[in-house]
Every structure is written in C-alpha cells, then in structure tokens.
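Architecture and fold: a report
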Amino acid sequence: MLLRESGEQQKLNLALDSITAEAANLGVENEAVLLKIAEAVFKSNPEEMARCRDEAITIIGVRATVDAIGVAAAFNGITKIANATGLPLDESTALSTRALRSDTGIDRFSEIWKSSQYD
Amino acid sequence: MELTTKSSHVSVEQLASKLVLGYQACGLPIPDDVVESHRTAFVALLETGTWFTAQKRQVILQEIRRAQSCKLCLQRREAASPNWVRGEHDTATELPQHLIEIIHRIATDSGRLTHKWFKAVTETANAQEYIEITGMLAILVILDSYARGLGMTPIEIDRLRFPTDTAEPTRETNAAVVDEGAWVPLMAVPKSEAQVTSGLPEVPNIVRAMGIVPLAVAQFFQIMRSHYGLQHMNSELSRPQIELIAARVSSYNDCFY
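Being a predicted model, the structure only gives us computed values, none of them experimental.

Next up on the list: the packing of aromatic side chains. Going through the model one piece at a time under the given rule, you end up with eight aromatic pairs over all chains. With a centroid separation of 4.8 Å and an interplanar angle of 80°, the aromatic rings of Phe 118 of chain B and Tyr 130 of chain B are classed as edge-to-face. Separated by 12 residues along the polypeptide, Phe 118 of chain B in helix H6 (residues 115–121) and Tyr 130 of chain B in helix H7 (residues 127–149) bring together distant segments of the chain. Consider the rings of Phe 220 of chain B and Phe 221 of chain B, whose centres lie 5.0 Å apart with planes at 90°: the pair is edge-to-face. Three or more aromatic residues link up through ring pairs in this structure, and these residues are Trp 117, Phe 118, Tyr 130 and Trp 183 of chain B. One Lys or Arg, Arg 112 of chain B, reaches over the ring of Tyr 118 of chain A and ends 5.3 Å from the middle of that ring.

Along helix H10 (residues 214–224) of chain B, the residues classified as buried are Ala 216, Val 217, Gln 219, Phe 220, Phe 221, Ile 223 and Met 224 of chain B. Buried positions along H10 of chain B lie against helix H4 (62–84) of chain A together with helix H2 (32–45), helix H3 (54–67), H7, strand E2 (186–187) and helix H9 (205–208) of chain B.

Moving on, we come to the confidence of the model for chain B. Residue and element names in this part refer to chain B. Of all residues in chain B, 93% have pLDDT values of 70 or greater, and the mean over the chain is 90. Residue range residues 1–5 is modelled with pLDDT below 50. Its contacts to residues more than four positions away, or to other chains, number 13 contacts. Both scores are given for the predicted complex: the pTM is 0.90, the ipTM 0.92.

With that settled, consider the interface of chain B and chain A. Taken residue by residue, the interface counts 75 residues in chain B and 70 residues in chain A. The junction of chain B with chain A conceals about 6,500 Å² of combined surface from both sides, 69% of it contributed by carbon and sulfur atoms. Area buried by chain B at its contact with chain A is led by Leu 244, Arg 248 and Phe 256 of chain B, which between them contribute 13% of it. Here chain B is connected to chain A by zero salt bridges. Remark: the boundary between chain B and chain A carries 19 residue pairs in polar contact (both at pLDDT 80 or more). Tallied by class, residues from the side of chain B that touches chain A come to 45 nonpolar, 20 polar and 10 charged.

Right, let's get into the domain arrangement of chain B. Reports often express the size of an interface as the amount of accessible area lost when the parts come together. Residues and elements named next belong to chain B. For chain B, the assigned domains are domain 1 (12–171 + 213–252) and domain 2 (174–211). On a C-alpha basis, the centres of domain 1 and domain 2 stand 23 Å from each other. Across the boundary between the two partners, domain 1 contributes 15 residues, which contact 10 residues of domain 2. Of the roughly 1,000 Å² buried where domain 1 meets domain 2, counting both sides, 83% is carbon and sulfur surface. Summed over the shared surface of domain 1 and domain 2, the number is zero salt bridges.

To continue, consider unusual backbone geometry. Where the residue is not glycine, phi is negative for most of them; where a peptide bond is considered, it is trans in most cases. Located in the positive-phi region is Asn 30 of chain A, a residue other than glycine, with phi close to 55°. Its location among the elements puts Asn 30 of chain A in the loop between helix H1 (2–9) and helix H2 (31–43). We note that Asp 254 of chain B has phi near 55°; this positive angle belongs to a residue other than glycine.

Assignment of secondary structure puts Gly 70 of chain A in helix H4. Its relative accessible area of 0% is what places Gly 70 of chain A among the buried residues. Sequence separation between Gly 70 of chain A and Ala 38 of chain A is 32 residues; the distance between their C-alpha atoms is 10.0 Å. In contact with Gly 70 of chain A, other than residues within four places in its own chain, are Tyr 146 and His 227 of chain B.

About the cut-offs
Residues numbered from 1 in each chain as written. Chains lettered and ligands numbered in written order. Predicted model: local features only at pLDDT ≥ 70, side-chain atom pairs only at ≥ 80, totals over all residues. Heavy atoms only, no water. Phe/Tyr/Trp six-rings, centres within 6.5 Å; stacked < 30°, edge-to-face > 60°. Helix = DSSP H or I, 4+ residues; strand = E, 2+ residues; numbered from the N terminus. Lys NZ or Arg CZ within 6 Å of the ring centre and 35° of its normal. Buried < 20%, exposed > 50% of the residue type's maximum accessible area, 1.4 Å probe, protein only. Contact = heavy atoms within 4.5 Å. pLDDT = per-residue confidence, 0-100. Buried area = accessible area lost by both parts, 1.4 Å probe. Salt bridge = Lys/Arg side-chain N within 4 Å of Asp/Glu carboxyl O. Polar contact = N/O pair within 3.5 Å; in protein donor to acceptor, adjacent residues only side chain to side chain. Nonpolar A, V, L, I, M, F, W, Y, C, P; charged D, E, K, R; others polar. Domains from an automatic or database assignment.

Pasting the structure below:
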C-alpha cells in the first residue's frame, strides 16, 4: 500500500496491478533485480541467493544490495506477525485501497477468503 | 524440561560476539546500527520474557528452527488446505503440543492461518503467550533471512549453553487494549488531530498487534527499525524501491496487511 503512496510522492506512474504478477513491470528503477532479491530472500536458497546478490551488486551497488536484503528480511519477519494476528488494515488504508486490492488480487489474502478456502 | 549443557556449548554473549564478528568479516558494508540492533535482538531473545523464562525461550527458538524440516509441515504446505492434513510434528523439544503447533504453523505456513485455527490453539495457550512466541519467531526470521541473504550461516542456537538469566516472567498484561477486529486485542491509541488530518495512522496496526505484550513490541521493532521505517531511513534505495521489495515479500507471504 505504501508503494502506491511513495510512487505518488515521487510523481511516478507505477503499474501497481502487476505487483503480485510473476513478471512485474511497475516502473520502479532497477525493479527486476530488486524483485529477484525479494524472491531469493523469501525462498532462502543459498545458490540462488548468491547469484542474485552478485547480480545486484553489479547493477545497484553493494550498499544498496545490503539495504535491499535488509528490507526483504524485515518483511519476511513482520508478515508473520500480521498473518498470525489476523490484523485488519488501518481504517484509512482500507478505504483508500479498495480498488487496488481488487485489481491486484490482494483480497485473496484476506481473512474471509482464507477461511473460505482452508477451514 | 531439562536441557543438557555440553562443554562445547557457548554462552549467549559468545554467540552474540560471533554474530557481530561474522557481519564485520563478511566483506559487505553492514551498517553499524544494523549490527548493533541484531546483537541486541539476539541477546534479548535469550532473556526472560513477559510470559516465558529464558530457558523456555531458548527451547522455543530451537523449535522454530526445527519447524523448517518438519515432515508434517511440509505435507501441509503441499496440501490444498493445511487443515486437511493430520499427524504429529517432528519436534526438537518437549514443549506442549499446542505450543509446537503454534510455532510450526506460524514458522512454515503463516499465510494460511485462519481465525478458526487461532481460536483452537489459544484454547490452551493464552493470547499473551501466543504473541510472545510470534514476536520471537519474527525476530528470528529477520536474523536468519538477513544472514542467509548475505551468504552467512544463521547463528547456531543448538550450541547455546543454558541461559544464565533465571528471572521469573512477570506475566504482566497490558490492560490498555481494544478489540478492533483482529484475532488479538490491539494496543489502545487515541485518535489524534494529526491522524484525522493526514488520514494515516500515527501508530499503525502492525505496531498495535502485539500490544498485549509491550516487551514483545519493543523487542521486535528494535530490530525492524534498523531495516525499515515509515520515515527517516538511511538507505541507498529510494522509497519506491524499498516499498517494492516490502510489497513483493508480503505477497510471497500471502500477507493481506
């Protein structure tokens, strides 16, 4: 949700509806390698991570690569809390992102959808 | 519950020092504040919590690690619904079954947890214990994900000597909580003028989610803040780049929030 706001603040016209797609094309600088880092950190495969890290260092530099790994690691952790507590969206976020959630398929991560599928 | 201490086992402080030295020797420019926050987080994981002793917390950490190779968890992940697969978890400890279930499910398949599951597991464990475990697990995930991301081996909890912290948990509950539709009560916060004006919450729900155990909030966000903040971030990445990674990892974790 904050991706949308940060894009607006920097006057970027981001194609957010592809954030959950396999081959995203949102319009963020160096997004391909950043998405690879996100995937590699989540999957935690050492060989894939090493390849990805080397590629990222070449493209975005070593400090940015370390920062990107840190953000991915942090969200790998914080999502466990959100998932485990059935956390609803903040009221203002829920209202302002209704269309976005529908377009991106994020609604399938909602409590109602999960209950219908897994209980 | 007894933990044997072998002569080859090391103290929390020794492992914390090893963690710091590992970051410093890995050949990558790990920011000093990240190194310090990870050291602090690791040491805090092995201290007495609000609901668990230091000894019990060490056992919980071992069980979190064990969950990654649990056959039942693997079968559940491959099933259309995890709730259709019955069996017993592969465990590393003698923790009670309801705590094992909490630890393994959050560690391996948090994206498919449901309220029905939560109500079932918290019939035995109380919500405060559940939150303390969740906070610990999230911290360990950050430590491990970061280490693997850098090409390092995650810190070896199995080699830890018995914790020297023998303090009893206070079991204090934060009464300033409210029911706002989450599975657990959220930390109560006044709706300020600034929030009404900007439309953004001053205290996001994710911070409030662990509100019934304030120590868990403090320990988790101590490490979280070293990698991500809603404002002032010392990063080589732009805000859209940061939020792109955050959104993608959240998507992989099936996270609605």
